[in-house]
Amino acid sequence: MRKNLEQYIQHTSFFTKEESFLVIQELENNNSWREYPYNSPKDNICVSENPDIAYYDCRLPENHFVSKMIQDKVRVSVDNYINKFIGDMPWFSYWTGNSQAHYIKYPTGTGMDTHCDHVRNQFDGTRKGIPILSLLVSLNDDYDGGELLFFEADIIKPNTGDCLMFPSNFLYPHKVQTVSGGTRYSFVVWIW
């Protein structure tokens, strides 16, 4: 068992550049972006402070071809993380489901404050609990700033199509630094 927290952040490829560009096109054609309501009790995540820079989010229908394409790749990625990447932990050998992709758009001047993915709004009704893994995919890299900061120290600037998978708990605080030029696109899927 690895005892260094950084070792549980897996950095792999998820999409080709062409697939990533296709997803961005579909998101912009969908045109249902909303400013993220940090102060909404329904949507709030565990942010460290009351942010004054917001980002935008949207969803695509489950039957959308992009949603189906992502679902197939999520299955492979999560299985690889559990079976190969942390295969030395026989007590953690399964997962039971995942959320739909939550798309995030960061125009110039926006970012996301330090938080952990202890999301609550994904797990109500018949699903109870919190996610165990976060799967974060970068859809582009043609922007300035917007680096991902883990543990208030480790800076990661993912390339187009890269995937970061890590535990969704309080031990993995992360932040998207303010985008200083261009627009950053990504999505997150939570695993339980």
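Overview of the structure. (Residues numbered from 1 in each chain as written. Predicted model: local features only at pLDDT ≥ 70, side-chain atom pairs only at ≥ 80, totals over all residues. Heavy atoms only, no water.)

Moving on, we get to the pattern of salt bridges. Scanning the entire structure with this criterion turns up four salt bridges. With a closest N to O distance of 2.7 Å, Asp57 and Arg34 form a salt bridge. Of this pair, Asp57 sits in strand 4 (residues 56–58) while Arg34 sits in strand 2 (residues 34–35), placing them 23 residues apart in sequence. Classification of Asp57 by relative accessible area gives buried; the value is 2%. Asp72 is paired through a salt bridge with Arg75; the nearest N and O atoms lie 3.3 Å apart. One end of the pair is Asp72 and the other is Arg75, both in helix 2 (residues 65–85) and three residues apart, which spans about a single turn. Arg75 sits in the partly exposed class, given a relative accessible area of 39%. (Salt bridge = Lys/Arg side-chain N within 4 Å of Asp/Glu carboxyl O. Helix = DSSP H or I, 4+ residues; strand = E, 2+ residues; numbered from the N terminus. Buried < 20%, exposed > 50% of the residue type's maximum accessible area, 1.4 Å probe, protein only.)

Geometrically, a pair of aromatic rings is defined through the distance of the ring centres and the angle of the planes. Per the stated rule, a full pass over the model turns up eleven aromatic pairs. Following the ring pairs from residue to residue traces out a cluster consisting of Phe14, Phe15, Tyr103 and Phe187. Sitting over the face of the ring of Tyr143, Lys157 holds its NZ or CZ atom 4.3 Å from the ring centroid. (Phe/Tyr/Trp six-rings, centres within 6.5 Å; stacked < 30°, edge-to-face > 60°. Lys NZ or Arg CZ within 6 Å of the ring centre and 35° of its normal.)

For soluble globular proteins, the rule of thumb is that nonpolar side chains tend to be buried together. In this structure, Phe14, Phe15, Ile70, Val78, Tyr103, Leu135 and Phe187 are the most contacted members of the largest nonpolar core, which totals 52 residues. Of all the elements in the fold, those that place two or more residues in this core are helix 1 (17–30), helix 2, strand 5 (102–106), strand 7 (133–138), strand 9 (148–150), strand 11 (162–167) and strand 14 (184–191). Other than its neighbours up to four places away in sequence, Val78 contacts Trp95, Leu133, Leu135, Met165 and Ile191. (Core = buried A, V, L, I, M, F, W, Y, C linked by side-chain atoms within 4.5 Å. Contact = heavy atoms within 4.5 Å.)

Whether parallel or antiparallel, the strands of a sheet pair through hydrogen bonds between backbone atoms. What the seven strands build is an open sheet, ordered 1-11-7-14-5-4-2; its pairing is antiparallel. Of all strands in the sheet, those bounded by a partner on one side alone are strand 1 (10–13) and strand 2. Pairing of strand 5 with strand 14 involves five bridges; the strand directions are antiparallel. Bridge pairing in strand 14 places Lys105 opposite Tyr185. Running over the sheet, helix 1 touches strand 4, strand 5, strand 7 and strand 14 and is turned about 85° from strand 5. Lying over the sheet, helix 2 contacts strand 1, strand 5, strand 7, strand 11 and strand 14, oriented at roughly 125° with respect to strand 7. (Pairing = 2+ DSSP bridges. Axes fitted to C-alpha atoms, helices over the stretch in contact; angles between N-to-C directions.)

Relative to the helices and strands, Asp117 is located in the loop between strand 6 (112–116) and strand 7. Engagement of the side chain of Asp117 in a polar contact is seen with the side chain of His115, the distance being 3.3 Å. A distance of 3.3 Å separates polar atoms of two side chains, one belonging to Asp117 and the other to His174. Setting aside residues up to four positions removed in sequence, Asp117 forms contacts with Pro131, Ser134, Phe166, Ser168, His174, Val188 and Trp190. (Polar contact = N/O pair within 3.5 Å; in protein donor to acceptor, adjacent residues only side chain to side chain.)

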